Amino acid sequence: MDAISLLAKKLADLVRKWDDVVVVSHYDADGITSAAILVSALRSIGKDVRFINVKQLYSDQVEEVKDMGSAFIFSDLGIGQISILLDQMRAPFIVLDHHEIPPGREYPYLLHPHLFGIDGSRELSGAGISYIFARALSGRKDLAALAVVGAVGDVQLVDNALVGYNRKILKDAIEAGKVFAYRDLALYGRVSRPLPYMFVYSTNPVLPGLTANESAVYDFLDAAGIPYRDDTGRILSYVDLSAEDKRKLFTELSMYLLSRGWDSQRLQSLLGEVYELTDEDPHSPLRDVREYATLLNACGRHGKPEVGVRVAMGDRGKYYDEALSLLRHHREALRKGVDYVVDNGLVQLDSIQYFHAHDVIPASVVGIVAGMIYSSGIASFKKPIVGMAYEDEEHVKVSARATSRLVSAGVDLSRAMRAAAEQVGGEAGGHKPAAGARIPRGAEDEFLRRLDRVVSAQLGAT
Ligand code: C5P
Ligand code: ZN
């Protein structure tokens, strides 16, 4: 047994003595899958358990939850707010988190990748750490499949594949017969989108000549001889193609993109490891792990994380229907957000580039939009990207993202955002390559100036 599983076992021994447990988790795909994993494991050993998903854990939220039950598990959040928890919680609690540990406060009932030299931003997610705990508690390896969804939802893929401890979890999921993994064209929508729309809507990456150009996509598929309807006229998805047609499609796509200035390295980035869930319908958005994660994010980011938890725990009825409609709404919000940034452009400072979407992009998706702008190739990779939008009457939500190359060069957005936010009376946290903050309205310029200065220093210091 590895060291992390040993500590998980100790915490599991403690939790086994508890009853009336409340799981408090984050509201995104990683937090939703964390909650589903923990609730399922606790119920399978006969515990009474409830769950709640929150956007952030400020002292207001802690006041709200602290009397909900007689013991607590905080998942995919908690370590950034450990001071608040220690001050306000009366009941016993454990923390299963993977966000940066702020300096100064230690906590003995913490399971965290950084305690074991594992990178919490790409090698192990909140759902992963929750799974390690849940496996120690209940022995259930089938729950690994949800941890794979959580890791992908947390944008932990490196060159389009899971790495580090996430691969051990993937192995559990495969051995439990819940997931199969293979290398293929890794464009979004390969399972549930009609084949032409997989290209028309591709933003990760933008495909020159094809993205947002429906008639060009039909011309391309016709010229390549790739069918997008079967004999009965039913529209096909990418996964419906024969192995031979898939190969032919990749060859034709390569030639098409090479003629538009791509090089072979760029072409390779279209390929990746894809993950399918064996129990799901072959055309459901839950079949493909990337699409599943988006569906859960849609639930959480649009105010209905509990719908996502029910789906992740197996509901395929009314909660699933609601999730599908939230997914449509989510896609629309993302499309509008990306259009806004493309139309308005990014403002360049010395070491960061930013956009302020005011009321146009909901605060809950501004981070996803920033990530999409980055991966679409619209923004330069030389600087971190920062997105802002109004969160409420008083606050601005800030999301920052950096490439792994920038992180290797010294960028730590979690520290930088915390340093800049503190100076203007805001709060921040996250990971080196992805961090978020909430600052008072009106403090944007001051905040950006300070953030730019800290990031410049981080880059200059190496
Ligand atoms: O909100 P956003 O998607 O930009 O957050 C990026 C990362 O930073 C997430 O993992 C989020 O949980 C974390 N975060 C945090 N504390 C904040 C804001 C964001 O730990 N105050
Ligand atoms: Zn997470």
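So, how was this worked out
- Residues numbered from 1 in each chain as written.
- Chains lettered and ligands numbered in written order.
- Predicted model: local features only at pLDDT ≥ 70, side-chain atom pairs only at ≥ 80, totals over all residues.
- Heavy atoms only, no water.
- Helix = DSSP H or I, 4+ residues; strand = E, 2+ residues; numbered from the N terminus.
- Rg over C-alpha atoms; globule rule 2.2 N^0.38 Å.
- Buried < 20%, exposed > 50% of the residue type's maximum accessible area, 1.4 Å probe, protein only.
- Contact = heavy atoms within 4.5 Å.
- Areas by Shrake-Rupley, 256 points an atom, 1.4 Å probe, with all protein chains shown as cover.
- Lys, Arg positive; Asp, Glu negative; His and termini not counted.
- Charge placed at Lys NZ, Arg CZ, Asp CG, Glu CD.
- Near = heavy atom within 4 Å.
- Polar contact = N/O pair within 3.5 Å; in protein donor to acceptor, adjacent residues only side chain to side chain.
- Donors = N, O, S within 2.8 Å, 3.2 Å for Na, K, Ca; no water.
- Patch = residues over 30% accessible without salt bridge, like charges linked within 9 Å, V, L, I, M, F, W, Y side chains within 5 Å.
- Salt bridge = Lys/Arg side-chain N within 4 Å of Asp/Glu carboxyl O.
- Axes fitted to C-alpha atoms, helices over the stretch in contact; angles between N-to-C directions.
- Parallel < 35°, antiparallel > 145°, perpendicular 65-115°, else oblique.
- Left-handed = near helix turned anticlockwise from the far one by under 90°.
- Nonpolar A, V, L, I, M, F, W, Y, C, P; charged D, E, K, R; others polar.
- Expected span 1.5 Å × (residues − 1).
- Domains from an automatic or database assignment.

1. Quick notes on the overall build of the protein chain
- Within the protein chain, the regular secondary structure consists of 18 helices and 13 strands.
- For 462 residues, the compact-globule formula gives about 23 Å, and the C-alpha radius of gyration of the protein chain, at 22 Å, lands near that figure.
- For the C-alpha atoms alone, the extent of the protein chain along its principal axes is close to 65 × 50 × 40 Å.
- Here the protein chain, with 462 residues, has 54% of them falling under the buried criterion.
- Pairs at least 24 apart in sequence give 64% of the contacts found in the protein chain among residues at least 6 apart.
- Total accessible area on the protein chain is roughly 19200 Å²; 49% of this is exposed by carbon and sulfur atoms.
- Of the charged side chains in the protein chain, 53 are positive and 61 negative; the average position of the first set lies 3 Å away from that of the second.

2. Focus: the site of ligand 1
- The immediate surroundings of ligand 1 are formed by 13 residues, with His-99, Lys-397, Ser-399, Arg-401 and Gly-430 found nearest.
- Note that an oxygen atom of ligand 1 is positioned 2.9 Å from one of the side-chain N or O atoms of Arg-401.
- Backbone polar atom of Gly-436 to an oxygen atom of ligand 1: 3.5 Å apart, as the coordinates give it.
- Coverage of ligand 1 by the protein amounts to 89% of the 460 Å² it exposes when considered alone.
- Elements that contribute at least two residues to the shell around ligand 1 include exactly strand E11 (395-401), strand E12 (427-430) and strand E13 (434-440).

3. Side note on the coordination of the zinc ion (ligand 2)
- Here the zinc ion (ligand 2) is held by the protein donor atoms Asp-30 (OD), Asp-76 (OD) and His-98 (NE2), which lie 2.1 to 2.2 Å from it.
- The sequence pattern formed by the donor residues of the zinc ion (ligand 2) is D-x45-D-x21-H. Here Asp-76 is found in the loop between strand E3 (71-75) and helix H4 (82-88), whereas its partner His-98 is found in the loop between strand E4 (93-96) and strand E5 (110-111), with 22 residues between them in sequence.

4. Some words on a negative patch on the surface
- The grouping of Asp-359, Asp-392, Glu-393 and Glu-394 at the surface amounts to a negative patch.
- Summarising the element assignment, Asp-392 is placed in the loop between strand E10 (385-390) and E11.

5. Some words on the packing of helix H6 (residues 144-153) against helix H7 (residues 165-175)
- One can describe the packing of H6 onto H7 by two numbers: an axis separation of 8 Å at closest approach and a directional angle of 140 degrees. By the angle class used here, H6 and H7 are oblique. As for the relative orientation of H6 and H7, their crossing is left-handed in sense. In this structure, H6 contributes Ala-144, Ala-145, Ala-147, Val-148 and Ala-151 to the contact, and H7 contributes Asn-166, Ile-169, Leu-170, Asp-172 and Ala-173.
- Residues that form the contact of H6 with H7 fall into these classes: eight nonpolar, one polar and one charged.

6. A look at helix H12 (residues 289-301)
- With 13 residues, H12 should reach 18 Å at 1.5 Å per residue; the first-to-last C-alpha distance of 18 Å fits that figure.
- Counting buried residues in H12 gives 13 out of 13 residues, a clear majority hidden from the surface.
- The N-capping residue of H12, defined by a side-chain oxygen 3.0 Å from the backbone nitrogen of Arg-290, is Asp-288.
- Looking one or two residues past H12, Gly-303 carries a phi angle of roughly 85 degrees, positive in sign.

7. Structural notes on the domain arrangement of the protein chain
- With domains assigned, the protein chain is organised as domain 1 (3-175), domain 2 (185-330) and domain 3 (345-458).
- Distance between the C-alpha centres of domain 2 and domain 3: 29 Å.
- Contacts between the two partners involve seven residues from domain 2, matched on the other side by six residues from domain 3.
- Where domain 2 meets domain 3, there are zero salt bridges.
- There are one residue pair in polar contact (both at pLDDT 80 or more) connecting domain 2 and domain 3.
- Looking at the side of domain 2 that touches domain 3 residue by residue, the classes come out as two nonpolar, four polar and one charged.

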